[in-house]
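Spelled out, the chains give:
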Amino acid sequence: MAKKNLGEMSFLDHLEELRWLLVRSTIAICIMAFFTYFISDYLFDQIILGPIRPTFFTYVWFCDLSHALGFADSICITELNFIIQNTEMEGQVNIFVWMCLLAGFILSFPFILWELWKFISPALYEKERKNAKVFIFTSSLLFFLGVLFGYFVVIPMSVNFVATFSVSDVVKNQFTLDSYMGMVKTSILASGLFFELPIIIYFLTKLGLVTPDFLRKYWKYAVVIILIVAAIVTPPDVVSQTIVAIPMLIIYEVSILISRIVYKNKLKENV
């Protein structure tokens, strides 16, 4: 099937479509953020601030894993010796608004993907346009898995690292609310977007910007970067670093596999 004639729309028409995409997506985010207001107490006390408590699921699981592997209490976390404080007049208000917007963005992500698909679909083949549901479901699933990975793995490991690291016993850890929330936002969004790597590689391969050989060639550099990131956000033990690094390496390998499949299909179409 032939592609849709992109000449039917001018450059300004495309900009107008993009503007309305952003407007509808922003409205969706604000609507979902408004609904999170009604569960804001639970959102902040139990979810956002959950990783600062030693009873958080990840810490308990790590302790059980430590016992199962015969490491005794070597990676058990029984105390997080720091406090979180607000130092700005409007600090808590600003944090409240931004975290509700973050929750709104996460919850409305499938809708944003649908809007994005409608925007790019005219440039695709008819057969590809019929895969909208597969694209939205797969992309949303990967994003939510990334968010969960960031929340249950990256954030607790980061919190544990900064809570236990000290240049001197004289220095006590007292983190600002803004710095903690910034770490939460960065960890969740970065993890969610990283898990979108297979989808991104799919489209980059379709456009001819990357090839499986290119990804495989730089595989060793990707491994080094992933291991460095894992070492930064985790305590200095092999178990924690491995738990963080393995899912990221799997995502990269899946991306190479997807790129190879797409690349072979392109070669067959050009024969």
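Residues numbered from 1 in each chain as written. Predicted model: local features only at pLDDT ≥ 70, side-chain atom pairs only at ≥ 80, totals over all residues. Heavy atoms only, no water.

Q: Mind showing me how you'd approach the pattern of salt bridges here?
A: Pairing between side chains becomes possible if they bear opposite charge and their charged atoms approach one another. One pass over the full model with this rule turns up four salt bridges. In this structure, the salt-bridge partner of Arg19 is Glu16, at a minimum N-O distance of 2.8 Å. Within this pair, Arg19 and its partner Glu16 are both found in helix α1 (residues 11-36), separated by three residues, close to a single helical turn. Glu16 sits in the partly exposed class, given a relative accessible area of 33%. For Lys118, the salt bridge identified is with Glu115, shortest N-O distance 3.4 Å. One end of the pair is Lys118 and the other is Glu115, both in helix α5 (residues 109-120) and three residues apart, which spans about a single turn. Using a relative accessible area of 37% as the deciding quantity, one classes Lys118 as partly exposed. (Salt bridge = Lys/Arg side-chain N within 4 Å of Asp/Glu carboxyl O. Helix = DSSP H or I, 4+ residues; strand = E, 2+ residues; numbered from the N terminus. Buried < 20%, exposed > 50% of the residue type's maximum accessible area, 1.4 Å probe, protein only.)

Q: Help me out: how do you make sense of the side chain of Ser187 in this one?
A: In this fold, Ser187 is placed in helix α8 (residues 177-194). When its relative accessible area of 9% is taken as the criterion, Ser187 is described as buried. A distance of 2.8 Å separates the side chain of Ser187 from the backbone oxygen of Met183, its partner in a polar contact. If near-sequence neighbours (up to four positions away) are discounted, Ser187 is found in contact with Gly150, Val154 and Ile155. (Polar contact = N/O pair within 3.5 Å; in protein donor to acceptor, adjacent residues only side chain to side chain. Contact = heavy atoms within 4.5 Å.)

Q: Whenever I open this one, a nonpolar patch on the surface confuses me. Can you help?
A: A cluster of nonpolar side chains, Ile27, Ile31, Phe34, Phe35, Tyr37, Phe38, Ile39, Tyr42 and Ile47, forms an exposed patch at the surface whose accessible area comes to about 970 Å². Among the secondary structure elements, those contributing two or more residues to the nonpolar patch are α1 and α2 (40-48). Top contributing element to the nonpolar patch by residue count: α1, with four residues. Inspection of the secondary structure puts Ile47 in helix α2. (Patch = residues over 30% accessible without salt bridge, like charges linked within 9 Å, V, L, I, M, F, W, Y side chains within 5 Å. Areas by Shrake-Rupley, 256 points an atom, 1.4 Å probe, with all protein chains shown as cover.)

Q: What am I meant to see in the environment of Cys30 here?
A: Relative to the helices and strands, Cys30 is located in helix α1. Exposure remark for Cys30: the relative accessible area of 40% places this residue in the partly exposed category. Sequence-wise, Cys30 and Gly104 are 74 residues apart; in three dimensions their C-alpha atoms are separated by 6.4 Å.

Q: In this structure, what is going on with the packing of aromatic side chains? I would like to understand it.
A: Given two aromatic rings, their pairing is described by the distance between the two centres and the angle made by the two planes. What the rule picks out here adds up to 22 aromatic pairs. Ring centres of Tyr37 and Phe38 lie 5.5 Å apart, and the angle between their planes is 75°; this geometry places the pair in the edge-to-face category. On the basis of relative accessibility, which here comes to 47%, the residue Tyr37 falls in the partly exposed class. Measuring from centroid to centroid gives 6.1 Å for Phe105 and Phe143, while their planes differ by 85°, and the two rings are edge-to-face. Of this pair, Phe105 sits in helix α4 (residues 91-107) while Phe143 is found in helix α7 (residues 132-164), placing the two residues 38 residues apart along the sequence. (Phe/Tyr/Trp six-rings, centres within 6.5 Å; stacked < 30°, edge-to-face > 60°.)

Q: When you look at the nonpolar core in this model, what are you seeing that I'm missing?
A: For soluble globular proteins, nonpolar side chains are generally found buried alongside one another. In terms of nonpolar packing, the biggest core is built from 33 residues, with Phe44, Ile48, Leu80, Met99, Val159, Tyr180 and Met181 touching the most fellow members. Looking at this core, the elements that each hand over two or more residues are α2, α4, α5, α7 and α8. No other element matches the ten residues that α7 contributes to this core. Once you skip the residues sitting within four places of it in the chain, Phe44 turns out to touch Leu49, Ile95, Phe96, Met99 and Met181. Formed by 18 residues, the second largest nonpolar core is a distinct cluster that contains Phe62, Phe149, Leu197 and Met248. (Core = buried A, V, L, I, M, F, W, Y, C linked by side-chain atoms within 4.5 Å.)

Q: Just to check I follow, could you spell out the packing of α7 against helix α9 (residues 197-206) for this structure?
A: Any two packed helices are characterised by how steeply their axes cross, that is the angle between the axes, and by the distance between the axes. Where α7 meets α9, the axes come as close as 9 Å, and the angle between the chain directions of the two elements is 135°. For the element pair α7 / α9, the angle class is oblique. Of the residues in α9, those touching α7 at Phe135, Thr138, Ser139 and Leu142 are Pro198, Ile199 and Phe203. In terms of residue class, the contact of α7 with α9 is made up of five nonpolar, two polar and no charged. (Axes fitted to C-alpha atoms, helices over the stretch in contact; angles between N-to-C directions. Parallel < 35°, antiparallel > 145°, perpendicular 65-115°, else oblique. Nonpolar A, V, L, I, M, F, W, Y, C, P; charged D, E, K, R; others polar.)

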